[in-house]
Amino acid sequence: MTRLWAAVALLTACAREEPPLVSALRDAGPVTVAHRGGMDLAPESTVEAFQRAWDAGAHALELDVRYSADGVPYVFHDDTLDRTTEGEGSVFGLTWDTLSALDAGYDWTRDGGETYPFRGQGLTVPALEEVFAGVPDGIFNLDIKSREPDSVDAVVALIQDHGLEERVCVGSFDDAIGLSFQEQLPGSCTYYSEGFARWHLLGDLIPLESAPAPRFDLLEVPVMSSGIRIVTERFVERAHARDQLVWVWTVNDPDEMDELLSIGVDGFITDEVVLSVAKTGAR
């Protein structure tokens, strides 16, 4: 806790200009963020999904970044292979050769399992670089799953190599990882890690009007957590008073989208890209 508050104090003391991407997203109005590329159009976390979501008008592409045993940043959500591929067991300790040979379209279905139209069609677990290259004009929201210190440097290098500093928003559930990205990419959008987001919510509930506020650009939060309603009109108002955007995950229901828009949220992280684009407007 002492280290957390020290980090909070440090961030509060350091003035930080708003990244250009945040200004552009604010001007765009409510936005659609394709969760793992969206799951309505193609198998999640594949280059095909990201391309289709972008072509459908999504404003940003949300993806999860892991780090292979031999040092390749790749895009995959789960800790295990079983749900989306023909593989079994943990992803940890696997080399890039093993990961890239998997069929990432193996279990995708939209008819309850009667058909698997992408099975055997060549969709693979992609390297992060493949996603950047596959959607060259994309805006990317990166959730860093890996905890290895080297993974931060590797992802930062890829972002810089592709000139994406002003087209990425980066964060992690891990406080230290999130802070590291903010330090290495000072002009890029960053979002609250889990620990800092909880601290922010505590200040909203008590409230702690005089408490310091870490300077991140986005709050990416669920509507509910542990039976507590997080995304309220007051929560959104407080975030906006700090010039911070609020993106809500994972929102797939049209009525819930309407309700959240009515209290001023800035975007949906959604599996249903086409539905969400109809609510927010296309990019």
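Residues numbered from 1 in each chain as written. Predicted model: local features only at pLDDT ≥ 70, side-chain atom pairs only at ≥ 80, totals over all residues. Heavy atoms only, no water.

Caption draft 1: Representation of the overall build of the protein. Scanning the protein from terminus to terminus reveals 11 helices and 11 strands. Burial analysis of the protein (283 residues in total) assigns 51% to the buried set. Accessible area for the protein stands at about 12,200 Å²; split by element, carbon and sulfur atoms hold 52% of it. (Helix = DSSP H or I, 4+ residues; strand = E, 2+ residues; numbered from the N terminus. Buried < 20%, exposed > 50% of the residue type's maximum accessible area, 1.4 Å probe, protein only. Areas by Shrake-Rupley, 256 points an atom, 1.4 Å probe, with all protein chains shown as cover.)

Caption draft 2: The arrangement of the nonpolar core in detail. Judged by nonpolar contacts, the single largest core of 44 residues is most densely connected at Leu63, Leu128, Phe140, Leu142, Ile159 and Phe181. When residues no more than four places from it in sequence are discounted, the contact partners of Phe140 are Leu61, Leu63, Val131, Phe132, Val135, Leu164, Arg167, Val168 and Cys169. Residues Ala197, Val223, Met257 and Ile263 belong to the second largest nonpolar core, which totals 20 residues. (Core = buried A, V, L, I, M, F, W, Y, C linked by side-chain atoms within 4.5 Å. Contact = heavy atoms within 4.5 Å.)

Caption draft 3: Structural detail: the packing of helix H10 (residues 254-262) against helix H11 (residues 273-280). Remark: H10 packs on H11, axes separated minimally by 11 Å, with the N-to-C direction vectors making an angle of 35°. The two elements H10 and H11 meet at a crossing, and its hand is right-handed. Across the interface between the two elements, Pro254, Met257, Asp258 and Leu261 from H10 touch Leu275, Ser276 and Lys279 from H11. Taken together, the residues that form the contact of H10 with H11 break down as 4 nonpolar, 1 polar and 2 charged. (Axes fitted to C-alpha atoms, helices over the stretch in contact; angles between N-to-C directions. Left-handed = near helix turned anticlockwise from the far one by under 90°. Nonpolar A, V, L, I, M, F, W, Y, C, P; charged D, E, K, R; others polar.)

Caption draft 4: The arrangement of the packing of aromatic side chains in detail. For the structure on display, the rule yields 4 aromatic pairs. Ring centres 5.2 Å apart and planes at 85° place the aromatic pair Trp108 and Phe118 in the edge-to-face group. Here Trp108 is found in the loop between helix H4 (96-100) and helix H5 (128-134), whereas its partner Phe118 is found in the loop between H4 and H5, with 10 residues between them in sequence. Accessibility classification places Trp108 together with Phe118 in one group, the buried group. When the ring of Tyr192 is compared with that of Phe216, the centres are 5.1 Å apart and the planes differ by 45°; the resulting orientation is tilted. One end of the pair, Tyr192, is in the loop between strand E6 (189-190) and helix H8 (194-205); the other, Phe216, is in the loop between H8 and strand E7 (218-222), with 24 residues separating them in the sequence. Looking at Phe216, the relative accessible area reads 1%, which means it is buried. Note that Arg119 overlies the ring of Tyr106, its terminal NZ or CZ placed 3.8 Å from the centroid. Above the ring of Tyr116, the side-chain terminus of Arg119 is found at 4.2 Å from the ring centroid. (Phe/Tyr/Trp six-rings, centres within 6.5 Å; stacked < 30°, edge-to-face > 60°. Lys NZ or Arg CZ within 6 Å of the ring centre and 35° of its normal.)

Caption draft 5: Main features of H11. Here H11 has its buried residues at Val273, Ser276, Val277 and Thr280. Taken down its axis, H11 places every buried residue within 100° of arc, on the same side. As for H11, its buried residues are in contact with strand E1 (31-35), helix H3 (47-55), H10 and strand E11 (267-270). Of the residues one or two after H11, Gly281 is the one with positive phi, at around 85°. (Arc of directions from axis to C-beta.)

Caption draft 6: Highlighting the confidence of the model for the protein. Here the protein averages 90 in pLDDT, while 88% of its residues score no lower than 70. Per-residue pLDDT stays below 50 along residues 1-14; that stretch engages in 18 contacts with residues further than four places along the chain or on separate chains. (pLDDT = per-residue confidence, 0-100.)

Caption draft 7: Main features of the pattern of salt bridges. By the definition in use, this model includes 13 salt bridges. Across the salt bridge formed by Asp64 and Lys145, the nearest N and O atoms sit 3.7 Å from each other. One end of the pair, Asp64, is in strand E2 (residues 60-67); the other, Lys145, is in the loop between strand E4 (140-144) and helix H6 (149-161), with 81 residues separating them in the sequence. Take Asp64: its relative accessible area is 1%, and that puts it in the buried class. Classification of Lys145 as partly exposed rests on a relative accessible area of 22%. Its salt-bridge partner being Arg66, residue Asp79 comes within 2.7 Å of it at the nearest N-O pair. Note that Asp79 is positioned in the loop between strand E3 (73-75) and H4 and Arg66 in strand E2, a separation of 13 residues in sequence. Shared partners join several salt bridges into a network, and the residues in it are Arg36, Glu44, Asp78 and Arg83. (Salt bridge = Lys/Arg side-chain N within 4 Å of Asp/Glu carboxyl O.)

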